[in-house]
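Now for the letters of each chain:
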Amino acid sequence: MSRISAMIRRASSFIQQSPVAGTRRLCFRPFFQLAATEEASLPPPVAENVTETIIPKMPPFDYTPPPYSGPRVAEILKKRKEFLSPSMFTFYKQPLNVVDGRMQYLFDEDGCRYLDAFGGIATVCCGHCHPDVVDAILAQTKHLQHSTILYLNPAIAEFAEALASKLPGDLKVVFFTNSGTEANELALMIARLYTGCHDIISLRNSYHGNAAGTMSATAQCNWKFNVIQSGVHHAINPDPYRGVFGSDGEKYAKDVQDLIDFGTSGHVAGFVCEAIQGVGGIVDLAPGYLPAAFEIAKKAGGLCIADEVQAGFARTGSHFWGFEAHGVVPDIVTMAKGIGNGFPLGAVVTTPEIAKVLTRRSYFNTFGGNPVSTAAGLAVLRVIEKEKLQDNAFVVGSYLKERLTALKDKHEIIGDVRGRGLMLGVELVTDRQQKTPAKAETLHVMDQMKELGVLIGKGGFYGNVFRITPPLCFTKEDADFLVDAMDYTMAKM
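All chains use their own residue numbering, which begins from 1 and follows the written sequence. Residues qualify for local features only when their pLDDT is at least 70, as the model is predicted, and side-chain atom pairs are given and counted only at 80 or more; totals for whole chains, interfaces and linings, by contrast, use all residues. As a rule here, side-chain values cover all heavy atoms of the structure and leave hydrogens and water aside.

**Looking at the overall build of the protein**
Working definition: helices are DSSP H or I runs of at least four residues, strands are E runs of at least two. Numbering for both runs from the N terminus. Secondary structure assignment for the protein yields 15 helices and 20 strands. A simple rule labels every residue: compare its accessible area, found with a 1.4 Å probe on the protein chains alone, to the largest value its type can have, and call it buried under 20%, exposed over 50%, or partly exposed in between. Of all 493 residues assigned to the protein, the portion counted as buried reaches 53%. We call two residues in contact whenever any of their non-hydrogen atoms come within 4.5 Å of each other. Of all intrachain contacts in the protein linking residues separated by at least 6 positions in sequence, the fraction that spans at least 24 positions is 74%. A total accessible area of about 22200 Å² is found for the protein, and carbon and sulfur atoms account for 57% of it. Exposure was quantified through the Shrake-Rupley algorithm and a 1.4 Å probe, taking into account, for residues, occlusion by the shown protein chains and nothing else.

See the structure below:
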């Protein structure tokens with residue numbers, strides 16, 4: 001069989017079924033890009049009976065987007081360069097123009113379908129354009145788009161009550177914000193006001209936002225500008241893969257005590273951490289660390305803050321909140337991303353006693369608790385419950401992790417597979433013993449998987465960790481397609 005014939009046979013992978021019976025369409029652009037790459041790299045044919053590698057096939061999906069007639073990639077890039085911040089960057093050698101989305105799939109300007117395994121950075125939990133969430137947003141918008149929390153409105157009160165019901169203990173007072181950064185900023189201020197202390201303990205490799213206080217708590221130079229940042233001490237990261245104590249959480253926790261003893265007055269305002277570090281590369285904290293660290297912080301008078309911006313809202317599968325897997329109850333919980341399924345929304349939840357500190361002065365957020373945003377948030381909670389998305393995250397996430405772990409046994413470049421539920425990380429290394437980050441290879445695999453129709457994210461300090469955080473409606477068939485695409489790409493390296 002000729003190489004051209006082989007590629008024509010592989011084109012069937014890109015045929016996508018239309019909802020209209022008997023009609024099919026081809027997504028030619030990715031196929032020809034892939035074909036050109038393969039044609040250049042294929043060795044001369046040696047025998048007619050060589051086993052052909054089959055390109056993974058995307059699961060069928062009953063939706064075709066309407067034709068797109070708007071600006072295309074080149075025009076958008078030109079406008080971004082001229083009118084938007086130069087700090088903005090894009091994934092992929094050929095940037096993707098996403099114009100439509102349904103559930104776990106995205107569509108580009110040519111109507112090509114992609115499996116979204118990144119979820120807008122762990123943000124889309126119910127699925128793109130979930131009809132229940134869209135209907136709730138439209139219904140509220142038709143009646144009242146915005147007023148102010150100085151007036152009463154049922155949307156904010158109903159959502160606050162529903163949100164409080166998902167949290168343990170006395171965590172039932174909600175402050176709404178517009179983002180995770182805002183939520184974490186407010187949480188740090190509350191801790192400092194309540195305790196009368198300024199010092200905060202955070203973790204190395206953490207990410208909590210990009211404003212003044214949260215940038216101080218963030219501990220990666222990639223995300224920190226050279227501006228005044230004070231009052232935050234960064235403890236050794238309890239990273240089971242790269243950490244100095246492996247999976248011994250209690251040994252890592254001793255550094256929290258050392259920081260308090262040798263870096264503060266002996267009293268702190270709080271301890272803040274993510275149950276699974278998202279931007280840091282899907283690092284699941286070493287077992288036993290969080291209970292020990294919480295206890296140390298409390299003895300020093302501090303409040304314990306759980307940053308659930310990425311791990312919250314059923315993403316980890318086993319629990320609704322990431323911190324629950326560690327058997328702890330924080331004093332303050334921050335959240336965003338999945339709370340609104342992509343709608344700009346964040347929140348801080350704490351106890352009635354702690355919440356009183358904000359009555360010392362006037363605290364106000366113009367858009368926090370906006371009726372449309374809170375209507376979206378309430379719809380998200382109802383969809384998670386109705387469609388049992390937490391159970392799905394556990395079942396499909398466990399299956400996906402098993403398949404990725406099996407892939408690690410096959411490909412030496414995979415150094416670690418980690419995470420829980422549908423918040424998984426795959427770290428690539430060029431040397432397993434030295435754990436040398438495979439940065440260039442990570443970009444290559446991402447690019448090739450995109451051409452096959454799979455979108456994944458990347459993170460970690462070295463940029464060598466795949467971040468797999470899809471919508472929670474992800475299926476086992478989607479998981480198979482993702483792993484098969486990764487396997488196919490790595491096998492050709």
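**Points about the nonpolar core**
With 101 residues, the main nonpolar core has Leu163, Phe271, Tyr289 and Leu482 as its most contacted residues. Excluding anything up to four places from it in sequence, Leu163 contacts Val174, Phe176, Phe313, Met335, Ile339, Ala347, Val349 and Leu381. Throughout, nonpolar core names a set of buried Ala, Val, Leu, Ile, Met, Phe, Trp, Tyr and Cys residues whose side chains join them through atoms within 4.5 Å. In terms of nonpolar packing, the next biggest core, distinct from the first, is built from 20 residues, Ala183, Leu188, Ile190 and Val357 among them.

**Brief notes about a nonpolar patch on the surface**
Surface patches are defined over residues having more than 30% relative accessible area and no salt bridge, joining like charges when they lie within 9 Å and nonpolar side chains (Val, Leu, Ile, Met, Phe, Trp, Tyr) when within 5 Å. A side-chain nitrogen of Lys or Arg and a carboxyl oxygen of Asp or Glu constitute a salt bridge if their distance falls within 4 Å. Nonpolar side chains collect at one region of the surface, where Ile149, Leu150, Tyr151 and Phe364 lie side by side and expose about 470 Å² of accessible area between them. With respect to the helices and strands, Tyr151 occurs in the loop between α5 (131–143) and α6 (154–164). You can call Tyr151 exposed: its relative accessible area is 57%.

**A short note on the sheet that holds strand β12 (residues 303–307)**
Spatial ordering of the open sheet is given by β6-β14-β13-β12-β9-β7-β8, a layout of seven strands whose pairing is mixed. Looking at the sheet topology across the chains shown, the edges are occupied by β6 (173–177) and β8 (232–235). In this sheet, neighbouring strand axes are inclined to one another by 20° on average, regardless of whether the strands run parallel or antiparallel. Strand pairing is assigned whenever DSSP identifies at least 2 bridges connecting the two strands. Strand direction decides the pairing type here: β12 and strand β13 (residues 332–335), joined by three bridges, are parallel. Each bridged residue has a counterpart across the sheet, and for Ile305 the counterpart in β13 is Ile332. In the packing of α6 onto the sheet, the strands contacted are β6, β13 and β14 (346–350), and the crossing angle to β6 comes to about 120°. Strand contacts of helix α9 (residues 249–263): β7 (200–203), β8 and β9 (270–274), with the helix running at about 145° to β8, the strand carrying the most contacts. Angles run from 0 to 180 degrees between N-to-C directions of axes, and those axes are lines fitted to C-alpha atoms, restricted for helices to the stretch in contact.

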